[in-house]
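Given next are the chains, with one letter for each unit.
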Amino acid sequence: MPAINLTASLNDNFDFIMHVSKESGQPVEQCYQCGKCTAGCPIAFAMDFSPHRVLRMVQLGLKERVLQSQAIWLCACCSTCTSRCPRNVDLAQVMDCLRGLARREGIPLEDRARDIAMFYDCFLNTVKDNGKLYELGMMLNYNLKTRQFFKNADTGLAMFTRSKIKFLPAKNKNHRDVRQIFQRVKELEEKTK
Amino acid sequence: MKYAYFPGCCDHTSAREYDISTRAVCRELGIELVEIPDWNCCGSTPGHSTSHLLGVALAARNLALVAEMGLEECTASCAACYQRLAMANVEMQSNKKLCDKVNWVTGKPYHGGVRVKSILEIISGLQPEQISSRLVKPLDNLKTAVYYGCLMVRPKAVQVDDPENPLVMDHLLQAAGAETIDWCSKTECCGASLAISNEDVVLKLTGKILAEATRAGADCIVTACPLCHFNLDMRQKKINQVFGTGYRLPVFYFTQLIGLAIGISPDDLSFNTHFVDTRKVLELVG
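Procedures and definitions
Residues numbered from 1 in each chain as written. Chains lettered and ligands numbered in written order. Predicted model: local features only at pLDDT ≥ 70, side-chain atom pairs only at ≥ 80, totals over all residues. Heavy atoms only, no water. UniProt positions renumbered as here; feature names shortened; annotations may be inferred. Helix = DSSP H or I, 4+ residues; strand = E, 2+ residues; numbered from the N terminus. Axes fitted to C-alpha atoms, helices over the stretch in contact; angles between N-to-C directions. Parallel < 35°, antiparallel > 145°, perpendicular 65-115°, else oblique. Left-handed = near helix turned anticlockwise from the far one by under 90°. Contact = heavy atoms within 4.5 Å. Nonpolar A, V, L, I, M, F, W, Y, C, P; charged D, E, K, R; others polar. Salt bridge = Lys/Arg side-chain N within 4 Å of Asp/Glu carboxyl O. Buried < 20%, exposed > 50% of the residue type's maximum accessible area, 1.4 Å probe, protein only. Arc of directions from axis to C-beta.

The name an unreviewed UniProt entry assigns to chain B is Heterodisulfide reductase subunit B, from the organism Desulfoscipio geothermicus DSM 3669.

Looking up chain A in an unreviewed UniProt entry gives the name Heterodisulfide reductase subunit C, with the organism given as Desulfoscipio geothermicus DSM 3669.

Turning next to the UniProt feature "domain: Cysteine-rich" (unreviewed entry) in chain B. All names here are of chain B. What UniProt calls "domain: Cysteine-rich" (unreviewed entry) maps, in this numbering, to residues 3-84 and 145-233. Split by type, residues 3-84 is 55% helix and 15% strand. Its first and last C-alpha atoms lie 17 Å apart. With 42% helix and 9% strand, residues 145-233 has end C-alpha atoms that lie 14 Å from one another.

Residue and element names in this part refer to chain B. Contact pair helix α1 (residues 16-29) / helix α13 (residues 254-261): the axes reach a minimum separation of 8 Å and the direction vectors enclose 40°. Taken as axis vectors, α1 and α13 run oblique relative to one another. Remark: the crossing between α1 and α13 carries left-handed chirality. Contacts between α1 and α13 involve E17, Y18, S21, T22 and V25 on the former and, on the latter, F254, T255, Q256, I258 and G259. Of the residues belonging to the contact of α1 with α13, the class tally is four nonpolar, five polar and one charged.

Following the criterion strictly, the structure yields 25 salt bridges over all chains and no others. Salt-bridge contacts for R61 of chain B lead to D177 of chain A; the nearest nitrogen and oxygen are separated by 3.6 Å. Of this pair, R61 of chain B sits in helix α3 (residues 52-69) while D177 of chain A sits in helix α12 (residues 175-191), on two different chains. Among the residues examined, D177 of chain A registers a relative accessible area of 24% and is labelled partly exposed. A salt bridge links E199 of chain B to K238 of chain B, with the nearest nitrogen and oxygen atoms 2.7 Å apart. Note that E199 of chain B is positioned in helix α10 (residues 199-215) and K238 of chain B in helix α12 (residues 236-243), a separation of 39 residues in sequence.

This part is about α12 of chain B. Residue and element names in this part refer to chain B. Of the positions making up α12, those classed as buried are Q236, I239 and N240. On an axial view of α12, the arc spanned by its buried residues comes to 100°, and they lie on one face. Residues of α12 that are exposed and point over 90 degrees away from its buried face: K237 and Q241. As for α12, its buried residues are in contact with α10, α11 (226-233) and β8 (251-253). In the stretch just after α12, G244 is the one whose phi turns positive, near 65°.

Here is the structure:
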């Protein structure tokens, strides 16, 4: 990471720091960088910035860097960091908040992060259409979008032989209610953007 | 005992063993489950990872449906569904502003009042005699590695048991006659849904869990989460291919083993739909 003028970063991104604190409901300023979150994080080995560094980036207002990081997407939401934090910072909530912010701000994603976000989209699209997750539709759509047409085809076959795949979605009677949830959330979030 | 039941989206597909065995065991033990009419997906990790509001709203619609049923308690078998419903419940009760927003989003006002329990809490809440007095096939010769994963034991507001050394499922299996081994991966993360997008990460994490269970001498792993189960059972073959290991550890939902012990037939507990052969365990139990 190149040298950063922290005074300028703090001044310019004060709103960002406040926003993350407020939206996640977490006292991010409390973190004293003990690194316990990173020590217990099962995914830290695959992250570009380890969990305690992600939190530090929030404290310092390094908005763009943290929102572009792979780490916030690789977080598996296991909450080990949260349950062990001696300063009572729920880091899993902070990660959640950063992912949401990255999406709303239209941050371009790369590598692992892009695939994870794509998977989330494919998952939620089937929920939006049917009210429930439609596993086969989600997988086919994900393969199409990531251009790996035969990815997990062997899994699919093995699942089929064990009656673990349904070809048709299980649609909710009131699936329009669920679609409305998606629409209204979008509406509210666009208003507050 | 009557509970509104949230089966979760994988109930008839990848986690069919869990739904089938949960219903069978509850029927046998006098726990009445009434499926929530027109329940929808809880949003799972993709929901709250995309938008906090969306995550809470998808779960809260289900809580509103439970309230409409006139029931006070609701349960989910899937650990992820449980965590999402329970977290939404906590937030709807403690954050008035969010609650109002969510109620507008769902169009189904909910103001708290429902209690959310995991099926593990409900079954383990029975008196030990209620299980031990019904034992037809005690799991005497079986060494189990009881695996809790993340979502039922974290975060604190919704934890079913201690986040570092939970014991509630161990005690339940002990009541059914099984031996539960001490091991160090009880609450390690399996990598969950990263399996779809970043399988290498999950193979590494899941491989470690299988290694620990094997080293501790377990005959099988017991879980209460569909994602853990899928990663440990379905991906075991791939782990063996990638790391050159030879694991053949059957992975069960705790409800399957309790069911077996109280005399439900293996076919009625979906023992035949696993990826790793379960016959070894049936032979041990006799």
